[in-house]
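Topology and contacts: notes
Each chain, letter by letter, is given below.
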Number of protein chains: 2
Amino acid sequence: MVDKAISNLFEHLFKMDTLSGHDTKEKILNVAEELFAQHGFDSTSMREITGKAHVSLALVNYHFGSKEKLLIALVEKHFSAINEERRRIYEALRRDFEDKPIPLETILRATIKPFSEKMHQTPQKIMGLVQINSHQIKNNPSFWADMWRKHFSDITEWFVREIHLTLPNLSEDDIYFRFHFMIGCMLSSIANPDRLELISKDKIRIAESEDRYQEELIRFCINAFTD
Amino acid sequence: MVDKAISNLFEHLFKMDTLSGHDTKEKILNVAEELFAQHGFDSTSMREITGKAHVSLALVNYHFGSKEKLLIALVEKHFSAINEERRRIYEALRRDFEDKPIPLETILRATIKPFSEKMHQTPQKIMGLVQINSHQIKNNPSFWADMWRKHFSDITEWFVREIHLTLPNLSEDDIYFRFHFMIGCMLSSIANPDRLELISKDKIRIAESEDRYQEELIRFCINAFTD
DNA sequence: GTCTATAGAACGATAGAC
DNA sequence: GTCTATCGTTCTATAGAC
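Just so it is clear, the structure is predicted and the values come from calculations on it, not from any experiment. (Residues numbered from 1 in each chain as written. Chains lettered and ligands numbered in written order. Predicted model: local features only at pLDDT ≥ 70, side-chain atom pairs only at ≥ 80, totals over all residues. Heavy atoms only, no water.)

**Quick word on the relation of the copies chain B and chain A**
If you rotate chain B by 180° and push it 0.0 Å along the axis, it lands on chain A with an RMSD of 0.1 Å. Such values leave the two copies arranged in the relation of a two-fold axis. (Least-squares fit on C-alpha atoms with pLDDT ≥ 70 in both.)

Printed below as a string of structure tokens:
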């Protein structure tokens, strides 16, 4: 027990003392995010990351253990941030609406906005991180299942419960299917926004329509839930 | 001219004579498709491909020129097959409906089915091929634009024109946005069907709901186009 | 057309000095 | 915590025999 306390104390002092170390870790994380999103996981070498971050090659392994664990740290960082904001909004909504159903649009907005806004903050295509091609992660069949359970179970439960309250005519299965397609829609919108410019023959420019893009996505999903 | 004729003749005899060669090319294509889809482009080595195809490493370069060109050949093969079927259906529909608008559901079914059925034929997740991480392809900014213009321009034009006829209240931009999100939906549904099992906590099993999966996707899109 | 053998480059990881 | 140097591996691509 005393050992534990002393160890904690040292850990604390240690952390206080090495904000510069923290900066390096953060810098690697930021550069890796940009490069992974741009080129994908496998096409991004640790030499690229550390080169662009102006730190030595060895520091990825020192701070994260491996290239793969760096990726996982990165993905989880974003999942946490997005879902924490959702939880915050969800709780406020339930409080505000007491026992009444929350309007569909409000539910969808609360779910989509924390995601697509976070994505605009980090202008890189974050989905390069989620559509991962790493062998080891793919060969661990429970990786995504574990990730899902850790970060998204409660979000899903809230969403399904609230949609059920708001749209009692939809069966449970209906809601599952539509939530699934809606997520696909969100992911793909963020991962490949350029396609809209191709489809519209450059009549719509993403850069000039950022707000509209989000609003159209929300409207698309509102419709999709409404028979 | 005579040269050309002779050359064509030789080419013909050559092809007749080397069905085994054709088999090898096809075999490489099939194995590559499976592995690219499973592990992604960068994580699949030519050694893996040629090993599993029981041919020598050098044959990929002989038949396709490079690993990258093999991928492009593969992607284009599928694009062609899917879109040829769409064109066939589209033409028949326009003929059948004379000058009348085609019902929304019929338009969407004609667009979605050739895609999602093709995907079930090749059980591999074909989207591993489309969400490509290759440096060279990504660094060629016009690669996807060229691909799009070559394979999807006419499909898009037909779709936009018909939707406009059927749903005259939608603006041109509205149609572009929704077609864009719909494609995202289709791609993501095929790329990550497992997510539905996670969402539903295994209450819905993909293997047992293949037809329903497609029908729910179509319904989702019908709704999405209907305000 | 198909093979073996290998060149040449890039990668992830780690040991060891500071 | 950060660095340099390097090990061992694996990759794509190609040369050359058959």
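**Details of the interface of chain B and chain A**
The interface of chain B with chain A comprises 56 residues on the first partner and 54 residues on the second. Buried area between chain B and chain A, both sides added, is near 5,200 Å², and the carbon and sulfur share of it is 59%. Where chain B meets chain A, there are 12 salt bridges. Taking the shortest distance from any N to any O, the salt bridge between Lys201 of chain B and Glu157 of chain A comes out at 2.8 Å. The interface formed by chain B and chain A contains 20 residue pairs in polar contact (both at pLDDT 80 or more). When residues of the side of chain B that touches chain A are traced back to their parent elements, those giving at least two are helix H2 (19-39), helix H8 (135-139), helix H9 (143-151), helix H10 (153-166), helix H11 (172-191), helix H12 (194-199) and helix H13 (210-225) of chain B. Here the side of chain B that touches chain A gets 16 residues from one element, more than from any other, and that element is H11 of chain B. Class assignment for the residues of the side of chain B that touches chain A results in 22 nonpolar, 18 polar and 16 charged. (Contact = heavy atoms within 4.5 Å. Buried area = accessible area lost by both parts, 1.4 Å probe. Salt bridge = Lys/Arg side-chain N within 4 Å of Asp/Glu carboxyl O. Polar contact = N/O pair within 3.5 Å; in protein donor to acceptor, adjacent residues only side chain to side chain. Helix = DSSP H or I, 4+ residues; strand = E, 2+ residues; numbered from the N terminus. Nonpolar A, V, L, I, M, F, W, Y, C, P; charged D, E, K, R; others polar.)

**What to know about the confidence of the model for chain A**
Residue and element names in this part refer to chain A. When pLDDT is averaged across chain A, the result is 86; 83% of the residues are at 70 or more. The weakest mean pLDDT in chain A belongs to helix H1 (residues 2-17) at 44; the strongest belongs to helix H10 (residues 153-166) at 98. Predicted confidence is poor over residues 1-21, with pLDDT under 50, and the contacts of this stretch with residues over four places away or in other chains come to one contact. (pLDDT = per-residue confidence, 0-100.)

**Some details on the packing of helix H5 (residues 67-96) of chain B against H9 of chain B**
Residue and element names in this part refer to chain B. Interhelical geometry of H5 versus H9 gives an angle of 30° and a closest axis separation of 10 Å. As far as their axial angle goes, H9 and H5 are roughly parallel. Between H5 and H9 lies a crossing of right-handed hand. Listed contacts from H9 to Ile72, Val75, Glu76, Phe79, Ser80, Asn83 and Arg87 of H5 are Phe143, Trp144, Met147, Lys150 and His151. (Axes fitted to C-alpha atoms, helices over the stretch in contact; angles between N-to-C directions. Parallel < 35°, antiparallel > 145°, perpendicular 65-115°, else oblique. Left-handed = near helix turned anticlockwise from the far one by under 90°.)

**Describing the packing of aromatic side chains**
Two descriptors summarise a pair of aromatic rings, namely the distance from one centre to the other and the angle between the planes of the rings. Counted under the stated rule, the structure contains 21 aromatic pairs over all chains. Taking 4.9 Å as the distance between ring centres and 75° as the angle between the ring planes, the aromatic pair formed by Phe79 of chain A and Phe152 of chain A counts as edge-to-face. On the criterion of sequence distance, the pair formed by Phe79 of chain A in helix H5 (residues 67-96) and Phe152 of chain A in the loop between helix H9 (143-151) and H10 is long-range, its members being 73 residues apart. What makes Phe79 of chain A buried here is its relative accessible area of 12%. For Phe152 of chain A, a relative accessible area of 14% gives the class buried. On the numbers, 3.5 Å between centres and 5° between planes, the contact of Tyr90 of chain A with Trp158 of chain A is stacked. With Tyr90 of chain A in helix H5 and Trp158 of chain A in helix H10, this residue pair connects regions lying 68 residues apart in the sequence. For Tyr90 of chain A, a relative accessible area of 3% gives the class buried. According to the relative accessible area criterion, Trp158 of chain A is buried, its value standing at 7%. Taken together, the aromatic side chains of Phe177, Phe181, Tyr213 and Phe220 of chain A together with Phe177, Phe181, Tyr213 and Phe220 of chain B make up a single cluster linked through ring pairs. Over the aromatic face of Phe64 of chain A sits the side chain of Lys25 of chain A, whose NZ or CZ is 5.7 Å from the ring centroid. (Phe/Tyr/Trp six-rings, centres within 6.5 Å; stacked < 30°, edge-to-face > 60°. Buried < 20%, exposed > 50% of the residue type's maximum accessible area, 1.4 Å probe, protein only. Lys NZ or Arg CZ within 6 Å of the ring centre and 35° of its normal.)

**A few points about the pattern of salt bridges**
Side-chain pairing between opposite charges can occur once the charged atoms of the two side chains come close. Scanning all chains against the criterion turns up 36 salt bridges over all chains. Glu172 of chain A is the salt-bridge partner of Lys203 of chain B, the closest N and O atoms lying 3.0 Å from each other. Taken together, the positions of Lys203 of chain B in the loop between H12 and H13 and Glu172 of chain A in helix H11 (residues 172-191) put the pair across two chains. Residue Arg87 of chain B is joined to Asp154 of chain B by a salt bridge in which the shortest nitrogen-to-oxygen separation is 2.5 Å. With Arg87 of chain B in helix H5 and Asp154 of chain B in helix H10, the pair connects residues that are 67 residues apart, well separated along the chain.

**Things to note about the packing of H11 of chain B against H13 of chain B**
Residue and element names in this part refer to chain B. In the contact formed by H11 and H13, the axes pass within 11 Å of each other and the chain directions differ by 165°. Regarding the angle of H11 to H13, the classification is roughly antiparallel. When you trace H11 past H13, the crossing you get is right-handed. Contacts between H11 and H13 involve Arg178, Phe179, Met182, Cys185, Met186 and Ser189 from the first element and Tyr213, Leu217, Phe220, Cys221, Ala224 and Phe225 from the second. Looking at the contact of H11 with H13 residue by residue, the class counts come to 10 nonpolar, one polar and one charged.

**Comments concerning the side chain of Ser200 of chain B**
With respect to the secondary-structure elements, Ser200 of chain B resides in the loop between H12 and H13. A distance of 3.5 Å separates a polar side-chain atom of Ser200 of chain B from the backbone oxygen of Glu197 of chain B.

**Description of the environment of Glu162 of chain B**
All names here are of chain B. Note on placement: Glu162 falls in helix H10. Accessibility expressed as a relative area gives 2% for Glu162, which makes it buried. Sequence separation of Glu162 and Ile107 is 55 residues, and the distance between their C-alpha atoms is 7.6 Å. In this structure, Glu162 is in contact with Arg94, Ile102 and Ile107, ignoring residues within four places of it in sequence. Separated by 2.8 Å, the side chains of Glu162 and Arg94 make a polar contact.

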